Amino acid sequence: MRCIPPSILEQAWHNSGGCCQRCGSRLAWERRGCKGGWGKWVAHSISGLQKPSLADYEILCWNCHRDEVVNRIHTFEKQFAKHHTKWIGCETSRSSSEASI
Ligand SMILES: [Zn+2]
């Protein structure tokens, strides 16, 4: 994970007003990325590329961030499955013919 320039982080936090930009949960600046308890949050890269630009970040509470990551993985898996259906089919028939030897 690349580092977000502190000035961008501070600006994004300021814009959020210290609340999750999805669900509005109250967050605490010093608890960024904390592993437990109240007020933890992350600066989420909207593009996923972690651009050094304020427009690419939203402040999310831990729960919203987790949901976002899960959604992204699901989308990726769907795309991957669509792309590779053919390949998976080949692989399956090959391994079953190998098994019969
Ligand atoms: Zn939230």
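Values in this document were obtained by computation on a predicted structure and should not be read as measured data.

Parameters and conventions
- Residues numbered from 1 in each chain as written.
- Predicted model: local features only at pLDDT ≥ 70, side-chain atom pairs only at ≥ 80, totals over all residues.
- Helix = DSSP H or I, 4+ residues; strand = E, 2+ residues; numbered from the N terminus.
- Buried ≥ 20, exposed ≤ 12 C-beta atoms within 10 Å, placed from the backbone.
- Contact = placed C-beta atoms within 7 Å.
- Core = buried A, V, L, I, M, F, W, Y, C linked by C-beta atoms within 7 Å.
- pLDDT = per-residue confidence, 0-100.

1. Side note on the overall build of the chain
Next, step 1: A tally of helices and strands in the chain yields two helices and two strands.
Next, step 2: Residues counted as buried form 12% of the 101 residues belonging to the chain.
Next, step 3: Taking as baseline every contact in the chain between residues at least 6 positions apart, the subset at least 24 positions apart corresponds to 43%.

2. Remarks on unusual backbone geometry
Next, step 1: Phi is positive for glutamine 50, which is not a glycine, with a value near 50°.
Next, step 2: With respect to the helices and strands, the residue glutamine 50 is situated in the loop between strand 1 (41–45) and strand 2 (57–61).
Next, step 3: Its 16 C-beta neighbours within 10 Å are what place glutamine 50 among the partly exposed residues.

3. Notes on the nonpolar core
Generally speaking, soluble globular proteins have nonpolar side chains that are buried together.
Next, step 1: In this structure, Cys20, Leu27, Trp41, Val42, Ile59, Leu60, Cys61, Trp62 and Cys64 together form the largest nonpolar core, which totals nine residues.
Next, step 2: Of all the secondary structure elements, the ones that give two or more residues to this core are strand 1, strand 2 and helix 2 (62–100).
Next, step 3: In terms of residue count, strand 2 provides more of this core than any other element does, three residues in total.
Next, step 4: In this structure, cysteine 20 is in contact with Ser25, Leu27, Trp41, Ile59, Leu60, Cys61 and Cys64, ignoring residues within four places of it in sequence.

4. Things to note about the environment of glutamate 58
Next, step 1: Take glutamate 58: it is sitting in strand 2.
Next, step 2: On the neighbour-count criterion, glutamate 58 (19 C-beta atoms within 10 Å) is partly exposed.
Next, step 3: Each C-alpha atom of the pair glutamate 58 and cysteine 20 lies 8.3 Å from the other, and the pair is 38 residues apart in sequence.

5. Quick notes on the environment of glycine 33
Next, step 1: Relative to the elements of secondary structure, glycine 33 occurs in the loop between helix 1 (6–16) and strand 1.
Next, step 2: Judged by the 11 C-beta atoms lying within 10 Å of it, glycine 33 falls in the exposed class.
Next, step 3: Note: C-alpha distance between glycine 33 and cysteine 61 (28 residues apart in sequence) is 9.3 Å.
Next, step 4: In contact with glycine 33, not counting residues within four places along its chain, are Lys40 and Val42.

6. Some details on the confidence of the model for the chain
Next, step 1: Overall, the predicted model of the chain reaches an average pLDDT of 84, with 80% of residues at or above 70.
Next, step 2: Looking at the elements of the chain, mean pLDDT is at its lowest for helix 2, recorded as 73, and at its highest for strand 2, recorded as 96.

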